[in-house]
Amino acid sequence: MIRLDGFPRSESRLPVLDVVIPVYNEEGSIPLLLERLDALVAQTAEARIHVILVDDHSTDASPALLKEACARREHCSYLRLARNSGSHVAILAGLEHSRGDCAVFLAADLQDPPELIREMLAAWRRGARVVWAVRQDREGIPWSEKLFSSLFYALVNRFTQVRLPSRGSDFALLDRMVVNALLRSVGANPSLGGEIARLGFSQAEVPYVKQARRFGRSKWTLGRKLQAFADAFVSFSYQPVRLMSYLGLLVSLLGFLSALAIIVMRLAHVTELEGWASLMVVVLVLGGFQMTMLGVLGEYLWRTLEAARHRPLYILEDWHGVDGLEDPSLRRGQVVEAPGPPAGAR
Ligand code: UDP
Ligand code: MG
């Protein structure tokens, strides 16, 4: 049994809320983001807000802007990952360094309005341990993208063991208990929304409209979306493997039936069979089929290998205002240590 140390929900103490924000090349959005976060901190009397800005190895002016912002704000911490690891990993890095009673994660590009956090906090105070911000609509994106996204959620919800909120899961508030459970259960190639939904706990939804991006471009390219789709599927479903077995059986059955038909036709002298074309078709179709099956198996296999390697999910390169990291004895596995002296050297 795993015991999760949740914070007692006492009314006597002001709860602490950590706001985790993954940032990858968002220099355009950062000034306005900081302004709106400052306003949120000033207006929120019902919780003490701490902001954790996770720089996912940006190559523009973002790191300098973020570090400077943190140096001037008590309530701000900065983490920089050693390589670009994707927003899900960046969020997990932020959550791992959060200490509050609850934590919320949202994008840096202001598509998810920070002002909604107060509504989510209210839902948490009413007892929900996971509060999803559910998008009712998305401004400024083409219909093809909306279609891809609806298809993604419909397929994941139909064929896997998790149920995602059907209109997005990139903005959510989690109770400390859920954060702890999440950090214990993620492996390599995490699919954040699915991992959270899988945990259970009491869930609530707060509707919002996802705004159009005002600065920069979306970093979710088609390739990354397909990767996320494969991750979500393979993490939470064995259906593709089962489907392979069923299809394999079906093809064997077809082969057996056609063999029977050929024997019968031959014995009855119905027709002379033409060889080359039909053979080529069968060979190519079956060859392609087998390769696809191997590919699906490979998807599961390399993830198993990745998990068995126990590599850290991320490595920190730089940080500011994070408790404990300055003290080497308190550092955790993901922080790069200075290489020690070679064995034997004293
Ligand atoms: N992001 C990140 N690492 C990446 C890609 C994106 O940390 O490799 C951040 C990005 O800066 C933003 C959030 O994740 O704060 C959402 O990304 P984006 O806006 O590009 O995605 P979309 O809104 O198009 O789904
Ligand atoms: Mg965005």
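See the structure shown above.
These figures come from a predicted structure and were not determined experimentally.

Enquirer: Just give me the short version of the state of the cysteines, but keep the residues and values in it.
Expert: Per the counting criterion, the structure on display carries zero disulfides. Cys-76 provides the cysteine sulfur closest to Cys-70, a residue in no disulfide bond, and the two sulfurs are 3.4 Å apart. Its relative accessible area of 3% is what places Cys-70 among the buried residues.

Enquirer: Talk me through the pairing of strand β3 (residues 76-81); I want residue IDs and the actual numbers.
Expert: The element β3 is extensively covered by neighbouring structure, given that six of its six residues are classed as buried. The alternating pattern of β3 places Cys-76, Tyr-78 and Arg-80 on one face and Ser-77, Leu-79 and Leu-81 on the opposite face, and all of these are buried. With five bridges joining them, strand β2 (residues 48-55) and β3 adopt parallel strand pairing. Paired with Val-51 across the bridge in β3 is Cys-76. In this region the chain leaves β2, passes through helix α2 (residues 62-71) and returns to the parallel neighbour β3; the handedness of that crossover is right-handed. Alignment of β3 against strand β8 (residues 316-320), held across four bridges, turns out to be antiparallel. The residue of β8 that forms the bridge with Leu-79 is Trp-319.

Enquirer: So, a nonpolar patch on the surface: which residues are in play, and what are the values?
Expert: The grouping of Leu-243, Leu-247, Leu-250 and Leu-254 at the surface amounts to a nonpolar patch, some 370 Å² of accessible area in total. In this fold, Leu-247 is placed in helix α9 (residues 239-267). Given the relative accessible area of 34%, Leu-247 is considered partly exposed.

Enquirer: Outline helix α10 (residues 276-308), supporting the account with residue identities and numerical values.
Expert: In this model α10 runs 47 Å from its N-terminal to its C-terminal C-alpha over 33 residues, within 8% of the 48 Å that 1.5 Å per residue would give. Within the sequence span of α10, burial applies to Met-293, Tyr-300 and Arg-303. Packing partners of the buried residues in α10 comprise α8 (222-236) and α9. After α10 finishes, the residue His-310 shows a positive phi value of roughly 50°.

Enquirer: Go over the packing of α8 against α10, please, and point to the residues and values.
Expert: Relative to each other, α8 and α10 sit at 80°, their axes nearing to 11 Å. In terms of axis orientation, α8 runs roughly perpendicular to α10. Residue-level inspection shows Gln-227, Ala-230, Asp-231, Phe-233 and Val-234 of α8 in contact with α10, the latter providing Glu-299, Tyr-300, Trp-302 and Arg-303. Of the residues assigned to the contact of α8 with α10, the class counts are five nonpolar, one polar and three charged.

Enquirer: For the sheet that holds β8, give the residues involved together with the corresponding values.
Expert: Think of a sheet as strands paired side by side through backbone hydrogen bonds, with each pair either parallel or antiparallel. Overall, mixed pairing links the eight strands, which are arranged β7-β5-β6-β4-β1-β2-β3-β8 in an open sheet. Two strands close off the open sheet at either side, each with one partner strand: β7 (203-210) and β8. Across the sheet, the mean angle separating the axes of adjacent strands is 20° when strand polarity is ignored. Running at roughly 150° to strand β1 (residues 16-23), helix α3 (residues 87-96) makes contact with β1, β2, β3, β4 (102-105) and β6 (172-175) of the sheet.

Enquirer: Account for unusual backbone geometry, with residues named and values stated.
Expert: Excluding glycine, a negative phi dihedral is what most residues carry, and trans is how most peptide bonds are arranged. At Asn-25, a residue that is not glycine, the phi angle is positive and equals roughly 50°. Assignment of secondary structure puts Asn-25 in the loop between β1 and α1 (30-43). The partly exposed category is assigned to Asn-25, whose relative accessible area is 22%.

Enquirer: Could you give me a rundown of the environment of Val-41, with the residues and numbers involved?
Expert: For Val-41, the position within the fold is in helix α1. Once residues lying within four places of it in the same chain are set aside, the contact partners of Val-41 are Ile-49 and His-75.

Enquirer: Requested: an account of the pattern of salt bridges, with residues and values cited.
Expert: Enumeration over the complete set of coordinates arrives at 16 salt bridges. A salt bridge links Asp-38 to Arg-73; its shortest N-O distance comes to 2.7 Å. Residue Asp-38 is found in helix α1, and its partner Arg-73 is found in the loop between α2 and β3; the two are separated by 35 residues along the sequence. Take Arg-73: its relative accessible area is 16%, and that puts it in the buried class. Ionic pairing is found between Lys-210 and Asp-170, a salt bridge with its closest N-O pair at 3.1 Å. With Lys-210 in strand β7 and Asp-170 in the loop between α5 (143-159) and β6, the pair connects residues that are 40 residues apart, well separated along the chain. A residue is classified by how much of its surface remains accessible, and Asp-170, at 33% relative accessible area, is partly exposed. Salt bridges sharing common partners tie together Asp-112, Arg-135, Asp-170 and Lys-210.

Enquirer: Let's hear about the packing of helix α6 (residues 176-185) against helix α7 (residues 192-199): which residues, and what values?
Expert: Where α6 meets α7, the axes come as close as 10 Å, and the angle between the chain directions of the two elements is 115°. Remark: the crossing between α6 and α7 carries right-handed chirality. Packed against α6, whose contacting residues are Val-178, Ala-181, Leu-182 and Ser-185, the element α7 presents Leu-192, Glu-195, Ile-196, Arg-198 and Leu-199 at the interface.

Calculation notes
- Residues numbered from 1 in each chain as written.
- Chains lettered and ligands numbered in written order.
- Predicted model: local features only at pLDDT ≥ 70, side-chain atom pairs only at ≥ 80, totals over all residues.
- Heavy atoms only, no water.
- Disulfide = S-S within 2.5 Å.
- Buried < 20%, exposed > 50% of the residue type's maximum accessible area, 1.4 Å probe, protein only.
- Helix = DSSP H or I, 4+ residues; strand = E, 2+ residues; numbered from the N terminus.
- Pairing = 2+ DSSP bridges.
- Right-handed = clockwise from strand over helix to strand, strands pointing away.
- Patch = residues over 30% accessible without salt bridge, like charges linked within 9 Å, V, L, I, M, F, W, Y side chains within 5 Å.
- Areas by Shrake-Rupley, 256 points an atom, 1.4 Å probe, with all protein chains shown as cover.
- Salt bridge = Lys/Arg side-chain N within 4 Å of Asp/Glu carboxyl O.
- Expected span 1.5 Å × (residues − 1).
- Contact = heavy atoms within 4.5 Å.
- Axes fitted to C-alpha atoms, helices over the stretch in contact; angles between N-to-C directions.
- Parallel < 35°, antiparallel > 145°, perpendicular 65-115°, else oblique.
- Nonpolar A, V, L, I, M, F, W, Y, C, P; charged D, E, K, R; others polar.
- Left-handed = near helix turned anticlockwise from the far one by under 90°.

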